[in-house]
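# Working through the structure, step by step
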Amino acid sequence: MKIIADENMPNAKALFSHLGDVELVNGRTLTHEQVKDADVLLVRSVTKVTKLLLEGSSVRFVGSATIGVDHVDLECLAELDVAFSSAPGCNAEAVADYVFSSLSHLYMTKKVSWLNKKIGIIGYGNVGKTVYDRFANIGCQVCVYDPIKEKSRDFANFVTLDEILSCDVISLHAPLTHSGLYATSGMIGREELARLSAGVVVISAGRGGVIDERALLERHAQLDGNIHLVLDVWDNEPSINQELVAIADIATPHIAGYSKQGREKGTWMVYQALCHYLRLNLGVVNERDAISAGWISSINANAEALKEEMLARSVQAIYDVARDDARLRYKYRENKEKNVFDWLRKHYVERDELNTCLIRSHDNDASEMMGAIGFSVQINHN
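Rules and cut-offs
- Residues numbered from 1 in each chain as written.
- Predicted model: local features only at pLDDT ≥ 70, side-chain atom pairs only at ≥ 80, totals over all residues.
- Heavy atoms only, no water.
- Pairing = 2+ DSSP bridges.
- Helix = DSSP H or I, 4+ residues; strand = E, 2+ residues; numbered from the N terminus.
- Buried < 20%, exposed > 50% of the residue type's maximum accessible area, 1.4 Å probe, protein only.
- Contact = heavy atoms within 4.5 Å.

Read across the open sheet, the 6 strands follow the order β7-β6-β8-β9-β10-β11; overall the sheet is parallel. Each having just a single partner strand, β7 (141-145) and β11 (250-251) make up the two edges of the open sheet. Relative to β7, strand β6 (residues 118-122) is paired through 5 bridges, and the arrangement is parallel. Residue I121 lies in a different strand from β7, and its bridge partner there is V144.

Structure representation (structure tokens):
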């Protein structure tokens with residue numbers, strides 16, 4: 001069996017090689033010629049899986065080690081009788097870590113407080129729900145806009161988009177859709193951005209194209225720059241808007257979900273799906289061997305510190321998003337790579353998830369807060 005896999009999928013050869021011959025490829029530039037005699041195609045979000053890519057090939061299974069599927073033509077796969085699996089939720093913890101690392105950065109550098117502010121989430125999928133739950137568990141006033149998921153029986157605080165736009169912190173995690181009653185393409189346009197107040201924090205870590213970038217530049221100017229922008233996703237990736245990079249507090253190359261463990265979970269979930277498709281036993285590989293432990297195993301938290309500072313310093317000890325921002329700006333200034341955006345993704349300096357680190361504290365309240373934000377916790381009673 002021939003397996004074509006994106007070279008940026010961690011552990012691809014280690015996991016799949018016992019199933020067949022694994023060939024690693026550049027997912028962005030993948031062609032029909034490369035996949036025509038493959039049985040299995042394993043991709044990430046940079047590969048457009050279309051009829052042009054697959055028709056006339058021997059591919060019978062496509063796996064995407066991502067939570068989103070907007071890069072995959074599902075109707076085409078059904079028409080060609082090709083099985084498909086993605087990895088919903090694999091990077092939810094990582095994206096939530098990104099959100100809180102960004103807020104920690106804004107607090108430590110600009111004293112932008114968020115614990116006692118109103119939080120608005122757009123999108124209530126696996127990622128949006130994880131982010132929502134963390135804010136709610138910490139005790140923040142949090143609400144969410146998702147007219148499709150609102151019909152579920154979940155007890156989240158669903159509100160209108162207008163109410164979200166009045167929040168102090170707005171975190172976007174909606175998929176990119178171009179049709180239907182609730183299409184998200186350009187949903188945050190000039191009219192919506194006009195409702196943002198000075199000092200608002202906008203975190204975009206879902207899909208590029210949901211925010212109208214030109215309108216965002218205009219609103220930034222109207223507010224005299226008094227708006228805090230954290231931008232991980234961009235319209236027209238990998239050609240990103242350098243005007244937006246220049247005004248963003250944090251600018252990163254679509255890596256919010258790029259924790260070491262999140263990416264490994266994506267590969268693992270696709271591996272499970274392929275084994276199920278092939279009706280094979282999973283016993284050959286152990287999940288514990290497929291998902292890495294973290295570099296920093298534990299932190300002793302000082303409960304005497306200000307809550308927001310304790311949270312910020314602890315989060316940054318595991319993942320400081322400013323590193324990714326600095327690396328992006330440096331590489332674009334250096335401009336030695338043919339495609340800086342994809343180079344940054346391919347050569348990403350891996351980070352751990354907060355849950356890989358155990359927080360030890362003598363204070364119950366501090367421990368509960370650290371657990372709510374994503375850490376593992378242990379209360380020391382002595």
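More follows now that the structure is in view.
Of note, S45 is situated in the loop between β3 (40-43) and α3 (51-54). Relative accessible area serves as the criterion here: at 19%, S45 is assigned to the buried category. Once residues within four sequence positions are removed from consideration, S45 is found in contact with T66, H71, R207 and R345.

This part is about unusual backbone geometry. With an omega dihedral of 10°, the bond running from E237 to P238 counts as a cis peptide bond. Topologically, P238 is positioned in the loop between β10 (228-231) and α10 (242-247). The phi torsion at K111 lies on the positive side, around 55°, for a residue other than glycine. Tracing the backbone through its elements, the reader meets K111 in the loop between α5 (92-110) and β6. With a relative accessible area of 53%, K111 lands in the exposed category. For N335, which is not glycine, the phi dihedral falls at a positive 50°. Its location among the elements puts N335 in the loop between α14 (321-334) and α15 (340-346).

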